[in-house]
Amino acid sequence: MKLAGVKVLDLSLFLPGPMLTLMMADHGADVIKVEPAGDGEPSRHIGYMKNGASVWFRNTHRGKRSIQLDLKSEDGKALFWALANEADVLVEAFRPGVVDRLGVGYEAVRAVNPGIVYCSISAFGQDGPNRDRPAHDLAVEALAGVIALNEGQDGKPASPHMPVADALASLTALSGVLMALLRRQTTGAGDYLDVAMLDSLLAWTPNVTGKIFATGEPHTPKHERSWGGSAMFQLYECADGQWIALGGSEVKFARNLLDALGRLDLLPYAELQPGPGQYPLRDFYRETFRTRTRADWEAWFEGKDVCFAPVRNLKEGFADPAVAARGMLAFDTEGNEVVGTPIRFRDEPGVVDPAIPELDADRDKIVASGWG
């Protein structure tokens, strides 16, 4: 596998760091999860449980090894240094300054291991005026301005459906770590990577910053293409209270749909800029899609060249045979659901190891042989 032989020391908790190291483990890296004293990784005990383990923990920590260390104790630090001295990558997600106070920050680790790729993930980065401000995903999204774009049907901001600040920080960190490992092959030196959730989120706004950069004015979300201003990029309720999505605002898709509905006379509305000018077409779709059930519309759209999808719940999404066909849903020997890896190589593909470590389960082996 692509990362076979890479040694990763993971001090992070919750989601961004563990997802980063999970993707590395899926592709051959040896990940040692350093769990804090007490109950260990918090996600072991959060959310729904199945067969004695948290579903969250199972799908962020499978395929890793676990050791519990108290980094404030002499014994804990001694074992940390034994591991850090041989690690290729170290990931931490404490508040800025914590690792330095513990004596395990980048400069200290680099002094004994110049090749270390040291990745710090935080809400706002290691410098700047918000450095010490506490925040998880929701607060970061709010400060970035993206929750205000997420209007519900009542026109009020709604809580986000996915932790996109966490997710984008994790993927940004993965990219940076791999870049640093690649560069190390030439220089022999590692590097320090400062990943902020806010930075990672804002970096993914090029397609929606047009108005604010061009005019200096904030968005009116319901008038914009991505959030309700386009009749062909919109959610519509069906007769049974279920919903469908039109997800392609190109005029060709509007032409295909309106032709099938016998209303090509409405096509000029689809050619207008998103916003109130398209509302007559949006209103027509609202009336039309309320006349049949979601299942009826799924059958009706079959074979038509229109960006259409039923609005499923997550259970329905994972139940799609296409998800299993792509390896994104599998099961361990006990029947526990395991989410697959999205990075698919033709040669040396990743391998999903469904086994999850018990807290501190690998201590004896790690103490005896380190990374062996």
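Residues numbered from 1 in each chain as written. Predicted model: local features only at pLDDT ≥ 70, side-chain atom pairs only at ≥ 80, totals over all residues. Heavy atoms only, no water.

Below, the discussion takes up the pattern of salt bridges. The final tally for this structure, using the stated rule, is 18 salt bridges. With a shortest N-O distance of 3.8 Å, Asp10 and Lys64 are connected by a salt bridge. Taken together, the residues Asp10 in strand β1 (residues 7–10) and Lys64 in the loop between α2 (55–61) and β5 (65–68) connect sequence positions 54 residues apart. Just as Asp10 is buried, Lys64 falls in that class too. (Salt bridge = Lys/Arg side-chain N within 4 Å of Asp/Glu carboxyl O. Helix = DSSP H or I, 4+ residues; strand = E, 2+ residues; numbered from the N terminus. Buried < 20%, exposed > 50% of the residue type's maximum accessible area, 1.4 Å probe, protein only.)

Core analysis: the largest hydrophobic core is formed by 31 residues, its most contacted members being Met24 and Val89. Within the residue set of this core, elements represented by two or more residues are α1 (16–26), β6 (89–92), β7 (117–122), α6 (137–144), α7 (164–187) and α8 (197–202). The biggest single contributor to this core is α7, with eight residues. (Core = buried A, V, L, I, M, F, W, Y, C linked by side-chain atoms within 4.5 Å.)

This paragraph deals with α6. Spacing of three or four residues puts side chains on the same side of an α-helix, whose turn is 3.6 residues. The complete set of buried residues in α6 reads Asp137, Val140, Glu141 and Ala144. Taken around the axis of α6, the buried residues stretch over an arc of 100°, which confines them to a single face. Elements that come into contact with the buried residues of α6 comprise α7 and α8. Gly145 sits one or two positions beyond α6 and adopts a positive phi of about 95°. (Arc of directions from axis to C-beta. Contact = heavy atoms within 4.5 Å.)

Here we take up the side chain of His27. Relative to the assigned elements, His27 resides in the loop between α1 and β2 (30–35). Take His27: its relative accessible area is 3%, and that puts it in the buried class. In contact with His27, not counting residues within four places along its chain, are Met1, Lys2, Leu3, Ala4, Thr341, Ile343, Phe345, Pro349 and Gly350.

Turning to the packing of helix α10 (residues 251–261) against helix α13 (residues 294–301), a few remarks are in order. In contact at an axis separation of 12 Å, α10 and α13 are set at 110° when each is read in the N-to-C sense. It follows from the interaxial angle that α10 and α13 lie roughly perpendicular. Contacts from Leu257, Ala260 and Leu261 of α10 reach α13 at Trp297, Trp300 and Phe301. Its residues assigned to classes, the contact of α10 with α13 shows six nonpolar, no polar and no charged. (Axes fitted to C-alpha atoms, helices over the stretch in contact; angles between N-to-C directions. Parallel < 35°, antiparallel > 145°, perpendicular 65-115°, else oblique. Nonpolar A, V, L, I, M, F, W, Y, C, P; charged D, E, K, R; others polar.)

Relative to the assigned elements, Asn313 resides in the loop between β11 (308–310) and α14 (314–319). Its relative accessible area of 44% is what places Asn313 among the partly exposed residues. Polar contacts involving the side chain of Asn313 include one to the main-chain amide nitrogen of Lys315, which spans 3.2 Å. (Polar contact = N/O pair within 3.5 Å; in protein donor to acceptor, adjacent residues only side chain to side chain.)

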